[in-house]
Amino acid sequence: MQQPVPLSANWNLDQIPWAAIQADRVRQREDVFYLVAAASFIEITSELYTDNLTQRFADDEVVTAWLHDHWQKEETRHGRVLRGYVEQVWPEFDWPQAYRAFVADYSQLCTMEQLEPTRGLELVARCVVETGTATFYQALAACADEPVLVGLAQQIRAEEIDHYKHFFRYFRQYRQGEQTSRLQVMAALKRRALEARRGDAECALWHVYGVRQGLGSSQPCRLQGT
Ligand SMILES: [Fe+2]
Ligand SMILES: [Fe+2]
């Protein structure tokens, strides 16, 4: 596999070297297209689940400040960057059309009722999500074979790991006060892991697929209501 582009040593996710993308190395990779497009939908929609979370932590200024000032900004930026990559490499894909359908569908799934019953349990459940996304970007970096995308995936992965560390630290603080048992924690981990397997990623892929294949985008993901 080709090494990531040795772009400027200090480029970051706000300064993507778009002109350095080697589109011919990735344009035929349908698998990569679906992965990147679906990830862009979920990441750019982070406002939806940040609002739910900040309501849950309304009187905790430390957590809400981090959610607003760091976490949400970084997740949204991941989405913007991945959208830019899709639009540059696969310009024929109607990203806005597919995204509108995704949001209409996904917003029904993203409700306060889906949060864990206590703050500590929600925080530890978030660790599952961040671990999963870090693993996703690690896999994307390993299979992408396009240097700019590899670099993006590596940088995003590093930020997902940092998110995990924050959620885990806050979880430990809350756990002491809530005195949750190990069994409760394990149950929360399991619930979120199962939800992650059948939830947002499948919904995003569904709408990317619908528009990519010219099937129309108005059909809701079949997960809705299940
Ligand atoms: Fe992210
Ligand atoms: Fe994250």
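This text goes with the structure placed above it.
Residues numbered from 1 in each chain as written. Chains lettered and ligands numbered in written order. Predicted model: local features only at pLDDT ≥ 70, side-chain atom pairs only at ≥ 80, totals over all residues. Heavy atoms only, no water.

**Examining the coordination of the iron ion (ligand 1)**
Part 1 of the reasoning: The coordination sphere of the iron ion (ligand 1), as far as protein atoms go, consists of Glu43 (OE), Glu43 (OE), Glu75 (OE), His78 (ND1) and Glu160 (OE), spread over 1.9 to 2.3 Å.
Part 2 of the reasoning: The distance between the iron ion (ligand 1) and the iron ion (ligand 2) comes to 3.9 Å, and Glu75 binds to both of them. A residue pair is termed long-range when its members are at least 10 positions apart, and Glu43 in helix H1 (residues 30-44) and His78 in helix H3 (residues 61-89) qualify at 35 residues.
Part 3 of the reasoning: The class for Glu43 is buried, based on a relative accessible area of 5%. (Donors = N, O, S within 2.8 Å, 3.2 Å for Na, K, Ca; no water. Helix = DSSP H or I, 4+ residues; strand = E, 2+ residues; numbered from the N terminus. Buried < 20%, exposed > 50% of the residue type's maximum accessible area, 1.4 Å probe, protein only.)

**Some remarks on unusual backbone geometry**
Part 1 of the reasoning: Even without a glycine there, the phi angle at Asp145 is positive, about 60°.
Part 2 of the reasoning: Its place among the elements puts Asp145 in the loop between helix H5 (119-143) and helix H6 (147-178).
Part 3 of the reasoning: Judged by relative accessible area, Asp145 falls into the partly exposed class, the value being 24%.
Part 4 of the reasoning: Phi is positive for Gln179, which is not a glycine, with a value near 55°.
Part 5 of the reasoning: Among the secondary structure elements, Gln179 is positioned in the loop between H6 and helix H7 (182-198).

**Points about the nonpolar core**
Part 1 of the reasoning: Core analysis: the biggest nonpolar cluster contains 59 residues, and Phe41, Tyr85, Trp90 and Phe93 have the highest contact counts within it.
Part 2 of the reasoning: At the level of secondary structure, the elements contributing two or more residues to this core comprise H1, helix H2 (46-56), H3, helix H4 (95-109), H5, H6, H7 and helix H8 (200-212).
Part 3 of the reasoning: Not counting the four nearest positions on each side in its chain, Phe41 is found in contact with Phe93, Trp95, Ala98, Tyr99, Phe102, Ala204, His207 and Val208. (Core = buried A, V, L, I, M, F, W, Y, C linked by side-chain atoms within 4.5 Å. Contact = heavy atoms within 4.5 Å.)

**Focus: the coordination of the iron ion (ligand 2)**
In ideal tetrahedral geometry, four donors around a metal make angles of 109.5 degrees, whereas ideal octahedral geometry with six donors gives angles of 90 or 180 degrees.
Part 1 of the reasoning: Here the iron ion (ligand 2) is held by Glu75 (OE), Glu130 (OE), Glu160 (OE) and His163 (ND1), and the distances to it run 1.9 to 2.2 Å.
Part 2 of the reasoning: Each of the 4 donor atoms around the iron ion (ligand 2) contributes to a set of angles spanning 92 to 134°, which defines the coordination as tetrahedral.
Part 3 of the reasoning: Donor residues for the iron ion (ligand 2) sit on one chain with the sequence pattern E-x54-E-x29-E-x2-H. (Tetrahedral: all angles 85-135°; square planar, octahedral: opposite > 155°, others 65-115°.)

**Structural notes on the environment of Gln114**
Part 1 of the reasoning: With respect to the helices, strands and loops of the structure, Gln114 is situated in the loop between H4 and H5.
Part 2 of the reasoning: Assessed through its relative accessible area of 36%, Gln114 is described here as partly exposed.
Part 3 of the reasoning: Sequence-wise, Gln114 and Asn52 are 62 residues apart; in three dimensions their C-alpha atoms are separated by 9.4 Å.
Part 4 of the reasoning: Contacts of Gln114, omitting those with residues within four sequence positions, involve Leu109, Arg192 and Glu195.

**Overview of the packing of H1 against H5**
Part 1 of the reasoning: Interaxial distance between H1 and H5 falls to 11 Å at its minimum, and their mutual angle equals 150°. Compared by their axis directions, H1 and H5 come out roughly antiparallel. The two elements H1 and H5 cross, and the hand of that crossing is left-handed. The segment H1 lies against H5, with Val32, Leu35, Val36, Ala39 and Glu43 engaging Phe136, Tyr137 and Leu140.
Part 2 of the reasoning: Residues that form the contact of H1 with H5 fall into these classes: 7 nonpolar, no polar and 1 charged. (Axes fitted to C-alpha atoms, helices over the stretch in contact; angles between N-to-C directions. Parallel < 35°, antiparallel > 145°, perpendicular 65-115°, else oblique. Left-handed = near helix turned anticlockwise from the far one by under 90°. Nonpolar A, V, L, I, M, F, W, Y, C, P; charged D, E, K, R; others polar.)

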